[in-house]
Amino acid sequence: GAVVSQHPSRVICKSGTSVKIECRSLDFQATTMFWYRQFPKQSLMLMATSNEGSKATYEQGVEKDKFLINHASLTLSTLTVTSAHPEDSSFYICSAADRPYGYTFGSGTRLTVV
Amino acid sequence: QQQVKQSPQSLIVQKGGISIINCAYENTAFDYFPWYQQFPGKGPALLIAIRPDVSEKKEGRFTISFNKSAKQFSLHIMDSQPGDSATYFCAASRSYNTDKLIFGTGTRLQVFP
(Lines give C-alpha, C1' and ligand atoms only; values in the text may rest on other atoms or scores of the structure.)
Protein backbone atom coordinates (compact mmCIF):
# COMPACT_ATOMS: atom_id res chain seq x y z
CA GLY A 1 0.00 0.00 0.00
CA ALA A 2 0.89 3.65 -0.21
CA VAL A 3 3.13 5.03 2.51
CA VAL A 4 3.77 8.63 3.48
CA SER A 5 6.75 9.28 5.71
CA GLN A 6 6.68 12.40 7.85
CA HIS A 7 9.67 13.69 9.82
CA PRO A 8 10.37 14.58 12.50
CA SER A 9 7.71 12.95 14.65
CA ARG A 10 8.42 15.34 17.50
CA VAL A 11 10.29 18.61 17.67
CA ILE A 12 10.86 21.15 20.40
CA CYS A 13 12.15 24.55 19.38
CA LYS A 14 12.75 27.90 20.99
CA SER A 15 10.45 30.79 20.33
CA GLY A 16 11.60 32.81 17.33
CA THR A 17 13.31 29.96 15.52
CA SER A 18 12.15 28.14 12.39
CA VAL A 19 11.25 24.49 12.05
CA LYS A 20 11.02 22.39 8.89
CA ILE A 21 8.76 19.35 8.59
CA GLU A 22 9.20 16.90 5.71
CA CYS A 23 6.59 14.76 4.06
CA ARG A 24 7.62 12.07 1.58
CA SER A 25 5.56 9.67 -0.47
CA LEU A 26 7.68 6.54 -0.46
CA ASP A 27 6.24 4.35 -3.16
CA PHE A 28 4.11 6.61 -5.29
CA GLN A 29 4.18 10.04 -6.84
CA ALA A 30 1.93 12.55 -5.14
CA THR A 31 0.53 15.14 -7.48
CA THR A 32 -1.09 16.97 -4.60
CA MET A 33 -0.14 17.25 -0.97
CA PHE A 34 -2.17 18.72 1.86
CA TRP A 35 -1.04 20.08 5.20
CA TYR A 36 -3.29 19.95 8.24
CA ARG A 37 -3.06 21.24 11.77
CA GLN A 38 -4.72 19.55 14.71
CA PHE A 39 -5.10 20.92 18.22
CA PRO A 40 -5.70 18.52 21.13
CA LYS A 41 -9.08 16.79 20.97
CA GLN A 42 -10.01 18.72 17.86
CA SER A 43 -10.44 17.91 14.21
CA LEU A 44 -7.95 18.29 11.39
CA MET A 45 -7.98 21.78 9.94
CA LEU A 46 -6.62 22.17 6.44
CA MET A 47 -3.85 24.73 6.21
CA ALA A 48 -2.86 24.54 2.56
CA THR A 49 -2.89 22.53 -0.64
CA SER A 50 0.24 22.19 -2.72
CA ASN A 51 0.79 20.87 -6.21
CA GLU A 52 4.21 19.90 -7.44
CA GLY A 53 6.04 22.81 -9.03
CA SER A 54 3.49 25.47 -8.18
CA LYS A 55 2.72 27.76 -5.28
CA ALA A 56 0.65 26.43 -2.45
CA THR A 57 -2.94 27.49 -1.96
CA TYR A 58 -3.58 28.54 1.61
CA GLU A 59 -6.86 28.36 3.46
CA GLN A 60 -8.41 31.53 4.75
CA GLY A 61 -6.77 32.72 7.95
CA VAL A 62 -3.51 30.81 7.44
CA GLU A 63 -0.47 33.08 7.24
CA LYS A 64 1.45 32.07 4.14
CA ASP A 65 4.55 33.96 5.23
CA LYS A 66 4.60 32.08 8.51
CA PHE A 67 3.86 28.63 7.16
CA LEU A 68 6.04 28.18 4.10
CA ILE A 69 5.19 25.20 1.93
CA ASN A 70 7.45 23.83 -0.77
CA HIS A 71 6.48 20.99 -3.08
CA ALA A 72 9.60 20.71 -5.19
CA SER A 73 9.12 17.15 -6.38
CA LEU A 74 6.38 14.56 -6.77
CA THR A 75 7.59 12.77 -3.65
CA LEU A 76 8.53 15.57 -1.26
CA SER A 77 6.73 18.47 0.35
CA THR A 78 8.01 20.55 3.24
CA LEU A 79 6.32 22.82 5.74
CA THR A 80 8.48 25.43 7.43
CA VAL A 81 7.11 27.20 10.47
CA THR A 82 9.00 30.48 10.54
CA SER A 83 9.62 32.51 13.69
CA ALA A 84 7.68 30.00 15.72
CA HIS A 85 5.82 31.08 18.83
CA PRO A 86 4.13 29.04 21.58
CA GLU A 87 0.73 29.44 19.90
CA ASP A 88 2.13 27.53 16.89
CA SER A 89 2.52 24.46 19.08
CA SER A 90 0.31 21.82 17.53
CA PHE A 91 0.16 18.50 15.70
CA TYR A 92 0.91 18.93 12.01
CA ILE A 93 -0.11 16.23 9.54
CA CYS A 94 0.56 15.92 5.84
CA SER A 95 -1.45 13.99 3.29
CA ALA A 96 -0.42 12.92 -0.18
CA ALA A 97 -2.93 12.26 -2.90
CA ASP A 98 -2.66 10.31 -6.12
CA ARG A 99 -4.65 7.71 -7.97
CA PRO A 100 -5.27 4.95 -7.20
CA TYR A 101 -4.16 5.23 -3.60
CA GLY A 102 -6.45 8.01 -2.52
CA TYR A 103 -5.41 10.19 0.36
CA THR A 104 -2.56 8.81 2.45
CA PHE A 105 -1.64 10.51 5.69
CA GLY A 106 1.70 10.87 7.39
CA SER A 107 2.10 9.96 11.03
CA GLY A 108 2.19 13.57 12.13
CA THR A 109 4.66 15.94 13.78
CA ARG A 110 4.19 17.18 17.32
CA LEU A 111 5.64 20.71 17.45
CA THR A 112 6.27 22.30 20.83
CA VAL A 113 7.54 25.87 20.93
CA VAL A 114 9.06 26.93 24.24
CA GLN B 1 -21.41 24.84 2.75
CA GLN B 2 -17.96 23.44 3.32
CA GLN B 3 -18.84 22.00 6.72
CA VAL B 4 -19.30 18.39 7.62
CA LYS B 5 -21.23 17.96 10.86
CA GLN B 6 -20.51 14.89 12.96
CA SER B 7 -22.24 13.38 15.96
CA PRO B 8 -21.99 12.24 18.67
CA GLN B 9 -18.90 13.90 20.08
CA SER B 10 -18.22 10.87 22.24
CA LEU B 11 -19.57 7.35 22.40
CA ILE B 12 -19.26 4.59 24.95
CA VAL B 13 -20.09 1.07 23.83
CA GLN B 14 -19.79 -2.29 25.45
CA LYS B 15 -17.68 -4.97 23.80
CA GLY B 16 -19.69 -6.76 21.17
CA GLY B 17 -22.08 -3.87 20.69
CA ILE B 18 -22.72 -1.71 17.64
CA SER B 19 -21.13 1.73 17.38
CA ILE B 20 -22.93 4.24 15.17
CA ILE B 21 -21.53 7.61 14.14
CA ASN B 22 -23.39 10.05 11.94
CA CYS B 23 -22.35 12.82 9.58
CA ALA B 24 -24.22 15.39 7.54
CA TYR B 25 -23.08 17.69 4.77
CA GLU B 26 -24.51 20.56 2.77
CA ASN B 27 -22.36 20.80 -0.34
CA THR B 28 -23.96 18.63 -3.03
CA ALA B 29 -20.71 18.80 -5.00
CA PHE B 30 -19.08 16.41 -2.51
CA ASP B 31 -18.64 13.03 -4.16
CA TYR B 32 -16.24 11.12 -1.93
CA PHE B 33 -16.99 10.27 1.69
CA PRO B 34 -14.29 8.47 3.71
CA TRP B 35 -14.09 7.53 7.35
CA TYR B 36 -10.81 7.72 9.24
CA GLN B 37 -9.62 6.21 12.50
CA GLN B 38 -7.04 8.05 14.56
CA PHE B 39 -5.13 6.89 17.60
CA PRO B 40 -3.47 9.42 19.93
CA GLY B 41 -0.29 10.86 18.47
CA LYS B 42 -0.82 9.22 15.09
CA GLY B 43 -2.06 10.34 11.72
CA PRO B 44 -5.54 9.29 10.57
CA ALA B 45 -5.88 5.97 8.79
CA LEU B 46 -8.53 5.25 6.18
CA LEU B 47 -11.16 2.78 7.35
CA ILE B 48 -13.69 2.74 4.57
CA ALA B 49 -15.02 5.13 1.95
CA ILE B 50 -18.06 5.50 -0.28
CA ARG B 51 -19.10 7.36 -3.42
CA PRO B 52 -22.64 8.75 -3.79
CA ASP B 53 -23.69 6.22 -6.41
CA VAL B 54 -24.15 3.50 -3.76
CA SER B 55 -26.22 3.50 -0.58
CA GLU B 56 -24.14 1.09 1.46
CA LYS B 57 -20.68 -0.36 1.60
CA LYS B 58 -19.42 -3.02 3.94
CA GLU B 59 -15.87 -4.05 4.73
CA GLY B 60 -15.53 -6.56 7.52
CA ARG B 61 -17.08 -5.12 10.68
CA PHE B 62 -17.36 -1.63 9.20
CA THR B 63 -20.33 -0.43 7.16
CA ILE B 64 -21.07 2.95 5.63
CA SER B 65 -24.69 3.86 5.01
CA PHE B 66 -25.23 6.74 2.62
CA ASN B 67 -28.42 8.76 2.11
CA LYS B 68 -27.92 11.11 -0.79
CA SER B 69 -31.31 12.83 -0.55
CA ALA B 70 -30.82 13.57 3.15
CA LYS B 71 -27.15 14.43 2.64
CA GLN B 72 -26.18 12.15 5.48
CA PHE B 73 -23.87 9.21 5.93
CA SER B 74 -23.02 7.04 8.86
CA LEU B 75 -20.46 4.53 10.07
CA HIS B 76 -21.54 1.35 11.79
CA ILE B 77 -18.99 -0.72 13.67
CA MET B 78 -20.35 -4.18 14.38
CA ASP B 79 -19.09 -6.34 17.23
CA SER B 80 -17.14 -3.42 18.66
CA GLN B 81 -13.85 -4.35 20.35
CA PRO B 82 -11.67 -2.55 22.91
CA GLY B 83 -9.07 -2.16 20.14
CA ASP B 84 -11.59 -0.02 18.25
CA SER B 85 -11.27 2.64 20.95
CA ALA B 86 -10.05 5.67 19.00
CA THR B 87 -11.26 8.89 17.46
CA TYR B 88 -13.23 8.58 14.25
CA PHE B 89 -13.56 11.28 11.64
CA CYS B 90 -15.86 11.47 8.67
CA ALA B 91 -14.72 13.55 5.74
CA ALA B 92 -15.83 14.68 2.30
CA SER B 93 -14.27 16.01 -0.87
CA ARG B 94 -15.52 17.28 -4.22
CA SER B 95 -13.12 15.27 -6.29
CA TYR B 96 -11.42 12.09 -5.20
CA ASN B 97 -7.68 12.63 -4.79
CA THR B 98 -7.46 16.07 -6.28
CA ASP B 99 -9.57 18.21 -3.98
CA LYS B 100 -9.15 18.88 -0.30
CA LEU B 101 -10.75 16.68 2.32
CA ILE B 102 -13.06 18.46 4.74
CA PHE B 103 -13.18 16.70 8.09
CA GLY B 104 -16.00 16.33 10.56
CA THR B 105 -15.45 17.28 14.19
CA GLY B 106 -14.63 13.77 15.33
CA THR B 107 -16.12 11.15 17.64
CA ARG B 108 -14.20 9.65 20.50
CA LEU B 109 -15.21 6.02 20.82
CA GLN B 110 -14.54 4.01 23.95
CA VAL B 111 -15.31 0.30 23.95
CA PHE B 112 -15.37 -1.33 27.36
CA PRO B 113 -14.82 -5.04 27.90
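Residues numbered from 1 in each chain as written. Chains lettered and ligands numbered in written order. Predicted model: local features only at pLDDT ≥ 70, side-chain atom pairs only at ≥ 80, totals over all residues. Heavy atoms only, no water.

A. Looking closely at the overall build of chain A. Within chain A, the secondary structure is distributed over 0 helices and 11 strands. When the helices and strands of chain A are listed from N to C terminus, the series reads β-β-β-β-β-β-β-β-β-β-β. In terms of C-alpha radius of gyration, chain A reaches 13 Å, essentially the compact-globule figure of 13 Å for 114 residues. Its C-alpha atoms give chain A principal-axis dimensions of roughly 40 × 25 × 20 Å. Across the 114 residues of chain A, 49% fall into the buried class. Here the analysis covers contacts within chain A between residues at least 6 apart in sequence; of these, 54% occur between residues at least 24 apart. (Helix = DSSP H or I, 4+ residues; strand = E, 2+ residues; numbered from the N terminus. Rg over C-alpha atoms; globule rule 2.2 N^0.38 Å. Buried < 20%, exposed > 50% of the residue type's maximum accessible area, 1.4 Å probe, protein only. Contact = heavy atoms within 4.5 Å.)

B. Region of the structure containing the interface of chain B and chain A. Contacts between the two partners involve 19 residues from chain B and, on the opposite side, 22 residues from chain A. At the boundary of chain B with chain A, total buried surface from both sides reaches about 1,600 Å², with 53% on carbon and sulfur atoms. Linking chain B to chain A there are 1 salt bridge. Where B:Lys100 meets A:Glu59, a salt bridge forms, and the shortest distance between an N and an O atom there is 3.2 Å. Counting every contact that joins chain B to chain A gives 8 residue pairs in polar contact (both at pLDDT 80 or more). Its residues placed into classes, the side of chain B that touches chain A shows 7 nonpolar, 9 polar and 3 charged. (Buried area = accessible area lost by both parts, 1.4 Å probe. Salt bridge = Lys/Arg side-chain N within 4 Å of Asp/Glu carboxyl O. Polar contact = N/O pair within 3.5 Å; in protein donor to acceptor, adjacent residues only side chain to side chain. Nonpolar A, V, L, I, M, F, W, Y, C, P; charged D, E, K, R; others polar.)

C. Region of interest: the sheet that holds strand β7 (residues 67–73) of chain A. Residues and elements named next belong to chain A. The sheet built from 4 strands is open, its strands ordered β1-β3-β8-β7 with antiparallel pairing. In the strand order of this sheet, the two ends are held by β1 (4–7) and β7, each with one partner. The mean inter-strand angle of the sheet, taken between neighbouring strand axes irrespective of direction, is 15°. Pairing of β1 with strand β3 (residues 19–25), which is carried by 4 bridges, proceeds in the antiparallel orientation. Residue pairing for β3: Ser-5 is matched across the bridge by Arg-24. (Pairing = 2+ DSSP bridges. Axes fitted to C-alpha atoms, helices over the stretch in contact; angles between N-to-C directions.)

D. Focus on a nonpolar patch on the surface. Judged by side-chain polarity, B:Ile18, B:Ile20 and B:Met78 come together as a nonpolar surface patch covering roughly 240 Å² of accessible area. Summarising the element assignment, B:Met78 is placed in the loop between β8 (72–77) and β9 (86–92). (Patch = residues over 30% accessible without salt bridge, like charges linked within 9 Å, V, L, I, M, F, W, Y side chains within 5 Å. Areas by Shrake-Rupley, 256 points an atom, 1.4 Å probe, with all protein chains shown as cover.)

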